[in-house]
Amino acid sequence: MGKIVVIGSSNTDMVATASSMPLPGQTVHGNSFTVIQGGKGANQAVAAARAGAHVTFIAKVGDDDFGKQAIAAYETEGIDTCQIEIQKGCSTGVAVITVDESSGENSIVVIGGANATFQAEELDEIEADIEEADILLVQLEIPLAVVEKALRMAHKYKVQTVLNPAPAIELSDELLGLVDILIPNETEAALLSGITAESEESLNLVLDKLLQHVNEAVILTLGSQGVVYRSKGGAPIHIKANQVKAIDTTAAGDVFCGYLVSFLSENKAIDEAIKLANNAAAISVTRKGAQPSIPFIKELK
């Protein structure tokens, strides 16, 4: 296994379920409450670790119980947490989620907390970790300046860079030029390319546009339809997903990303890595929650 560095968000998800959503000013009785570790960065780090990779997670948490619990959970996964900073006087990032059990609809309030305090210059202290990595994996739940500087550092040391551009925001061509493998979903790909993939022809145009900037490949995730992969100079390859009964798609994309980089660090061919990552993501959607849904490598058939 190679060494993977994940830089991203660490959140605590607080999920309350009720038979109906409260109206403004209304109180309703809930049916259940759970506290779950989450955050796209953390989810992807845990997925890569459960796939068997050596993972260093670089993030920020608050000086509260949620932060302590998060670090303890990552250590249990075998993740190197030495570069997770505890931000004094700040809360850990949280997502407060209310779920209507009758309709499945939810409402979410996200508070960035310590994630939002991440400064680009703080990466200077962990440059050696990036230099020694085989793959750098980043997302967009931390300040964009941090993401861009991390990609520049990795590019400088010829470390393979993987960006999951979520949540969707516009990105400069210059930043995309620092990315080796881009893993967007349909919404993110449409925003970045300016083209909505409504047909096979328009999907190819999306890939064409993104590959003008990305160095190696684009892997477009399509949910239950699998993924479309295309490398520079190559034809699009559609790799179908395993068909399962989904009960919660939370973190499925994160599972895919974490497993993918783990297999790539083993020097597996990218099409094989995609198929295995698809399998892991399919297992995750049959379970509830973010990190609790992430399978271990032994569960893949």
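Residues numbered from 1 in each chain as written. Predicted model: local features only at pLDDT ≥ 70, side-chain atom pairs only at ≥ 80, totals over all residues. Heavy atoms only, no water.

### A short note on a nonpolar patch on the surface
- On the surface, Val 96, Val 109 and Ile 111 cluster together into a nonpolar patch covering about 230 Å² of accessible area.
- The residue Ile 111 is located in strand 7 (residues 106–111) in this model. (Patch = residues over 30% accessible without salt bridge, like charges linked within 9 Å, V, L, I, M, F, W, Y side chains within 5 Å. Areas by Shrake-Rupley, 256 points an atom, 1.4 Å probe, with all protein chains shown as cover. Salt bridge = Lys/Arg side-chain N within 4 Å of Asp/Glu carboxyl O. Helix = DSSP H or I, 4+ residues; strand = E, 2+ residues; numbered from the N terminus.)

### Re the pattern of salt bridges
- Taken as a whole and assessed by the stated rule, the structure comprises 11 salt bridges.
- The partner of Lys 3 in a salt bridge is Glu 132, and the shortest N-O contact between them spans 3.5 Å. Taken together, the residues Lys 3 in strand 1 (residues 3–7) and Glu 132 in the loop between helix 3 (127–131) and strand 8 (135–138) connect sequence positions 129 residues apart.
- Between Glu 174 and Arg 152 there is a salt bridge, with its nearest N and O atoms 2.7 Å apart. Taken as a pair, Glu 174 in helix 5 (residues 173–176) and Arg 152 in helix 4 (residues 144–156) lie far apart in primary sequence, 22 residues in all.
- According to the relative accessible area criterion, Arg 152 is partly exposed, its value standing at 36%.
- A single network of salt bridges, built from pairs that share partners, joins Glu 148, Arg 152 and Glu 174. (Buried < 20%, exposed > 50% of the residue type's maximum accessible area, 1.4 Å probe, protein only.)

### Description of the nonpolar core
- Grouped together as the largest cluster of nonpolar side chains are 47 residues, with contacts concentrated most on Phe 57, Ile 219, Phe 256, Tyr 259, Leu 260 and Ile 274.
- The contact partners of Tyr 259, leaving out residues within four places of it in the chain, are Ala 47, Arg 50, Ala 51, Ala 277, Ala 280, Pro 295, Phe 296, Ile 297 and Leu 300.
- In this structure, Leu 123, Val 147, Ala 150 and Leu 210 belong to the second largest nonpolar core, which totals 38 residues. (Core = buried A, V, L, I, M, F, W, Y, C linked by side-chain atoms within 4.5 Å. Contact = heavy atoms within 4.5 Å.)

### Points about helix 7 (residues 200–211)
- With 12 residues, helix 7 should cover 16 Å at 1.5 Å per step; its first-to-last C-alpha distance of 16 Å lies within 8% of that length.
- The complete set of buried residues in helix 7 reads Ser 202, Leu 203, Val 206, Leu 207, Leu 210 and Leu 211.
- Those residues of helix 7 that are buried are in contact with strand 10 (181–182), helix 6 (186–193), strand 11 (217–221) and strand 12 (227–231). (Expected span 1.5 Å × (residues − 1).)

### Focus on the sheet that holds strand 9 (residues 160–163)
- Read from one edge of the open sheet, nine strands run 5-4-1-8-9-10-11-12-13, paired in mixed fashion. Taken across any chain shown, the strands that pair with only one partner, and hence form the sheet edges, are strand 5 (84–87) and strand 13 (237–239).
- Here strand 12 pairs with strand 13 via three bridges, running antiparallel. Paired with Tyr 229 across the bridge in strand 13 is Ile 237.
- The strands that helix 4 touches are strand 1, strand 8 and strand 9; relative to strand 8, the one it contacts most, it runs at about 170 degrees. (Pairing = 2+ DSSP bridges. Axes fitted to C-alpha atoms, helices over the stretch in contact; angles between N-to-C directions.)

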